[in-house]
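Listed below are the residues making up each chain.
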Amino acid sequence: QVQVAESGGGLVQAGESLRVTCTASGISHFYTMGWYRQAPGKQRDYLASIFIDNDTDYADSVKGRFTISRDGANHGTKHTIALQMNDLSPEDTAVYYCNLVTTIPSRQTFWGQGTQVTVSS
């Protein structure tokens, strides 16, 4: 059974940094893992993703401020990624979600429950 879990959210002040992590377990292969966020009353927005070959992609809105990376050793059926967020502003307040996309044996997407990030002014 595939499980995806985010951690590291919290309350920070404007201008500060925060690092959130995501661990996916129960699956040996992934095509990409990524981060999204959803603010109250808004749609879920794409932030960044990292591919199996370590290539990365970012939404224009966070390029240069957010960095996605693999976190620690990724092996077997456990994969961990991180999102380093710098120079945060109240507009970054949202629930941050992680997902994992696999293409073996078919394309499937697994989501975590999300972690709250609140930035005070």
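Whatever comes next refers back to the structure up there.
Source: prediction; values computed, not measured. Here the residue numbers are simple positions, counted from 1 along each chain's written sequence. Totals for whole chains, interfaces and linings use all residues, but because this is a predicted model, local features are given only for residues with pLDDT of at least 70 and pairs of side-chain atoms are given and counted only at 80 or more. Based on all heavy atoms of the structure, the side-chain values leave hydrogens and waters out of the count.

Caption draft 1: Representation of the overall build of the protein within the structure. Helix and strand assignments come from DSSP, with helices taken as H or I runs of at least 4 residues and strands as E runs of at least 2, each series counted from the N terminus. Along its length, the protein carries 0 helices and 11 strands. In the protein, the succession of α and β elements from N to C terminus is β-β-β-β-β-β-β-β-β-β-β. Radius of gyration means the value over C-alpha atoms here, while the globule rule gives 2.2 Å times the residue count to the 0.38 power. Taken over C-alpha atoms, the radius of gyration comes to 14 Å for the protein, in line with the 14 Å a tight globule of 121 residues would show. C-alpha extents for the protein along the principal axes are approximately 45 × 25 × 25 Å. For the protein, long-range pairs separated by at least 24 residues make up 55% of all intrachain contacts whose partners lie at least 6 apart in sequence. On the protein, roughly 6,300 Å² of surface is accessible, and the fraction owed to carbon and sulfur atoms is 46%. Counted as positive: Lys and Arg. Counted as negative: Asp and Glu, with His and the chain ends omitted from the count. Where a charge sits is defined by one atom per residue type, namely NZ (Lys), CZ (Arg), CG (Asp) or CD (Glu). One finds the centroid of the 9 positive side-chain charges in the protein at a distance of 5 Å from the centroid of its 11 negative side-chain charges. Any pair of residues with heavy atoms lying within 4.5 Å of one another is described as a contacting pair. Per-residue and other accessible areas follow the Shrake-Rupley method at a 1.4 Å probe size, with only the shown protein chains counted as cover for residues.

Caption draft 2: Focus on the nonpolar core. Counting 30 residues, the largest nonpolar core has Met-33, Trp-35, Leu-83, Met-85 and Tyr-96 as its most contacted members. Taken together, the elements giving at least two residues each to this core come down to strand 3 (18-25), strand 4 (32-38), strand 5 (44-51), strand 7 (66-70), strand 8 (78-85), strand 9 (94-102) and strand 11 (115-120). Not counting residues up to four positions away in its chain, the partners in contact with Met-33 are Cys-22, Ala-24, Ala-48, Ser-49, Ile-50, Ile-68, His-79, Ile-81, Cys-98, Asn-99 and Leu-100. Residues grouped as a nonpolar core are buried Ala, Val, Leu, Ile, Met, Phe, Trp, Tyr and Cys residues, joined through side-chain atoms within 4.5 Å. Throughout this description, buried means an accessible area under 20% of the type-specific maximum (1.4 Å probe, protein chains only), exposed means over 50%, and partly exposed covers the range between.

Caption draft 3: Structural detail: the pattern of salt bridges. By convention in these notes, a salt bridge is any Lys or Arg side-chain nitrogen within 4 Å of a carboxyl oxygen on Asp or Glu. For the structure on display, the rule yields 4 salt bridges. The salt bridge partner of Asp-71 is Arg-19, with a shortest N-O separation of 2.2 Å. Separated by 52 residues along the polypeptide, Asp-71 in the loop between strand 7 and strand 8 and Arg-19 in strand 3 bring together distant segments of the chain. For Asp-92, the salt bridge goes to Arg-37, with nearest N and O atoms at 2.8 Å. Placement of Asp-92 in the loop between strand 8 and strand 9 and of Arg-37 in strand 4 is noted, with a sequence separation of 55 residues between them. For the pair formed by Asp-92 and Arg-37, the shared burial category is buried.

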